[in-house]
Amino acid sequence: SAVISQKPSRDICQRGTSLTIQCQVDSQVTMMFWYRQQPGQSLTLIATANQGSEATYESGFVIDKFPISRPNLTFSTLTVSNLSPEDSSIYLCSVGGGNSYEQYFGPGTRLTVT
Amino acid sequence: GESVGLHLPTLSVQEGDNSIINCAYSNSASDYFIWYKQESGKGPQFIIDIRSNMDKRQGQRVTVLLNKTVKHLSLQIAATQPGDSAVYFCAENENTGNQFYFGTGTSLTVIP
């Protein structure tokens, strides 16, 4: 399985600012995904980040609020813009694709908006 | 009044007993499923997967059962240990781009 790291591991941000989360994988992967996990809840898919094309967003998530970059096959960033307290969550990246459907997750970034 | 957030179902078992965690999935077109374990402060960890052409798959101390007729998955953990305490999620894949959709989750507590 791939080894996935995220930066930062946690942050406290003020309302109205933005936070960019980095996801680094130790091998080249076709597909990367970004999820949100609100406190005490399950994971919700935000978007699929494919290298060389624009991210595909799930219903309820828009590019202006959650811009994503995927400059190469080992790296992606998710920005959470114009932060409000409702954005306080854990944000997780995952990787998948290739020869199997297995999907593996990073450790997550815990965001608190004050 | 109605609570705003979801509350995870909980399951408590004695150490050494077997655990069964259930999951209902929503999409009859889903053809691949994964069970994940999430410990506090960590990302979900892959446990076991199953394809829709199977109804049972076994791993080390874990077994996943799939009933496509009623769209139901279960995860059985044999001889549950304190280290098994975590939240368990099932995730379904619609075979349209590797996107997974997660169930509500179940919080398992193992009592020593």
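Structure: above.
Before going into details, it helps to say that this report is about the structure given with it. If you're wondering where the values come from, they're calculated on a predicted model, not measured in any experiment. Counting of residues starts from 1 at the beginning of each chain's written sequence and follows it residue by residue. To read the labels, note that chains go from A and ligands from 1, taken in the order they are written. Per-residue local features of the predicted model are confined to residues with pLDDT of at least 70, and side-chain atom pairs are confined, for both listing and counting, to 80 or more; whole-chain, interface and lining totals are unaffected and use all residues. Only hydrogens and water are removed before side-chain values are computed, so all heavy atoms of the structure are retained for them.

1. Some remarks on the overall build of chain B
Each helix and strand in chain B was counted, giving 0 helices and 10 strands. Ordered by position in the sequence, the α and β elements of chain B form the string β-β-β-β-β-β-β-β-β-β. To get the radius of gyration, use the C-alpha atoms; to get the globule rule, take the number of residues to the power 0.38 and multiply by 2.2 Å. Rg of the C-alpha trace for chain B: 14 Å, near the compact-globule value of 13 Å for 112 residues, within the 12% margin. Its C-alpha atoms give chain B principal-axis dimensions of roughly 40 × 40 × 25 Å. Each residue's exposure class comes from its accessible area (1.4 Å probe, protein chains only) as a fraction of the maximum for that residue type: buried when under 20%, exposed when over 50%, partly exposed otherwise. Considering chain B as a whole, with its 112 residues, one finds that 43% of them fall into the buried category. Counting only contacts in chain B whose residues sit at least 6 apart along the sequence, the fraction spanning at least 24 positions is 53%. For chain B, the computed accessible surface area is about 5900 Å², with 46% contributed by carbon and sulfur atoms. Charge-centre separation for chain B: the mean point of 8 positive side chains lies 6 Å from the mean point of 10 negative side chains. By definition, any uninterrupted DSSP run of H or I lasting at least four residues is a helix, any uninterrupted run of E lasting at least two residues is a strand, and each is numbered from the N terminus. Any two residues having at least one pair of non-hydrogen atoms within 4.5 Å are treated as being in contact. Using the Shrake-Rupley algorithm and a 1.4 Å probe, accessible areas are obtained, with residue cover drawn only from the displayed protein chains. Asp and Glu count as negative and Lys and Arg as positive, but His and the ends of the chain are not part of the count. By convention, the charge on Lys lies at NZ, on Arg at CZ, on Asp at CG and on Glu at CD.

2. So, the interface of chain B and chain A
Each side of the interface is counted separately: chain B has 25 residues, and chain A has 21 residues. One speaks of a salt bridge when a side-chain nitrogen belonging to Lys or Arg is within 4 Å of a carboxyl oxygen belonging to Asp or Glu. On the surface where chain B and chain A come into contact, there are 0 salt bridges. Elements with a contribution of two residues or more to the side of chain B that touches chain A: β3 (32-38), β4 (45-51), β8 (86-93) and β9 (100-102) of chain B. Among the elements that line the side of chain B that touches chain A, the one with the most residues is β3(B), at 4 residues.

3. Focus on the packing of aromatic side chains
Two rings from Phe, Tyr or Trp (for Trp, the six-membered ring) form a pair when their centres sit within 6.5 Å of each other. Planes less than 30 degrees apart are called stacked, planes more than 60 degrees apart edge-to-face, and all others tilted. In total, this model carries 11 aromatic pairs over all chains according to the counting rule given. Ring centres 5.5 Å apart and planes at 65 degrees place the aromatic pair Phe61(A) and Phe66(A) in the edge-to-face group. Assessed through its relative accessible area of 4%, Phe66(A) is described here as buried. Members of the aromatic cluster, joined through ring pairs, are Tyr35(A), Tyr104(A), Phe105(A), Tyr36(B), Phe46(B), Phe89(B) and Phe102(B).

4. A short note on the state of the cysteines
All names here are of chain A. Note that a disulfide, as used here, is simply two cysteine sulfur atoms within 2.5 Å. Going through the model one piece at a time under the given rule, you end up with 2 disulfides over all chains. Across the disulfide from Cys23 sits Cys93; the S-S distance is 1.9 Å. An S-S torsion of about 65 degrees defines the bridge between Cys23 and Cys93 as right-handed. You can see Cys23 sitting in strand β3 (residues 19-25) and its partner Cys93 sitting in strand β9 (residues 89-96), a full 70 residues away along the chain. Both residues of the pair, Cys23 and Cys93, belong to the buried class. There is no disulfide at Cys13, and the cysteine sulfur nearest it, in Cys93, is 17 Å away. On the accessibility criterion, Cys13 (9% relative accessible area) is buried.

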